[in-house]
Amino acid sequence: MAEKDVAGVLGLAQKAGKLASGDLVVKEALAGGKAKLLIIAEDAAPKTEKELRFLAEKADVPVTQYMKRAALGDCIGKAPRAAAAVLDKGFAGLILKKMNV
């Protein structure tokens, strides 16, 4: 049930304009200091995961791995996504709470 709850919050964040998804946009959010939480899909390519984790560590952004790429894309109304960056502290906290992290 937790994945459904997280998907709902991610959908709300997307509608509110507080979510960046897709490689380039996520990297820009991390580099620009806008990201508050990075979610990497469980089935993301190892090279992509390594690069995103490095950028998140450099920006001091918490990282979690959750959902498959298709599920991550579905919950925000997009094609499959390897990662999403939450741009709002409130949404980030709520997502972590729903994940029981």
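What you are looking at is a predicted structure, and each value in this text was computed from that prediction instead of being measured.

Some thoughts on the nonpolar core
Line of reasoning, step 1. By size, the foremost hydrophobic cluster in this structure holds 34 residues, and its most contacted members are Leu-10, Leu-30, Leu-38, Ile-39, Met-67, Val-86 and Ile-95.
Line of reasoning, step 2. Secondary structure elements with two or more residues in this core: helix H1 (2-15), strand S1 (19-21), helix H2 (23-31), strand S2 (37-40), helix H3 (46-58), helix H4 (69-75), strand S4 (83-86) and helix H5 (89-98).
Line of reasoning, step 3. Here Met-67 is in contact with Glu-3, Val-6, Ala-7, Leu-10, Ala-41, Glu-42, Asp-43, Leu-72 and Cys-75, once residues within four sequence places are set aside.

Some remarks on H1
Line of reasoning, step 1. When the terminal C-alpha atoms of H1 are compared, their 20 Å separation across 14 residues agrees well with the 20 Å that a helix rising 1.5 Å per residue should span.
Line of reasoning, step 2. Buried residues of H1: Val-6, Ala-7, Val-9, Leu-10, Gly-11 and Ala-13, and no others.
Line of reasoning, step 3. The positive-phi residue at the C-terminal boundary of H1 is Gly-17, with phi of around 75 degrees.

As for the sheet that holds S1
Line of reasoning, step 1. Taken together, four strands build an open sheet; the order of strands is S1-S4-S2-S3 and the sheet is mixed. A strand with exactly one partner marks an edge of an open sheet, and here the two such strands are S1 and strand S3 (63-65). Within the sheet, the average angular offset between the axes of one strand and its neighbour, ignoring direction, is 20 degrees.
Line of reasoning, step 2. Running at roughly 130 degrees to S1, H2 makes contact with S1, S2 and S4 of the sheet.

Definitions and cut-offs
Each residue is numbered by its place in its chain's sequence as written, counting from 1. Two thresholds apply to this predicted model, a pLDDT of at least 70 for residue-level local features and 80 or more for giving and counting side-chain atom pairs, whereas whole-chain, interface and lining totals are computed over all residues. Processing note: side-chain calculations cover all non-hydrogen atoms of the structure and skip hydrogens and water entirely. The term nonpolar core refers to a set of buried residues drawn from Ala, Val, Leu, Ile, Met, Phe, Trp, Tyr and Cys, joined through side-chain atoms within 4.5 Å. Relative accessibility decides the category of a residue: with a 1.4 Å probe and only protein chains considered, values under 20% of the type maximum give buried, values over 50% give exposed, and everything between is partly exposed. We count a stretch as a helix when DSSP gives it H or I for four or more residues in a row; a strand needs E for two or more, and each element gets its number in order from the N terminus. Should any heavy atoms of two residues lie within 4.5 Å, those residues are considered in contact. Multiplying 1.5 Å by the helix residue count minus one yields the expected span of that helix. Should DSSP find at least two bridges between two strands, the strands are regarded as paired. An axis is simply a line fitted to the C-alpha atoms; with a helix, the fit covers only the stretch in contact. Between two such axes, the angle follows the N-to-C directions and lies from 0 to 180 degrees.

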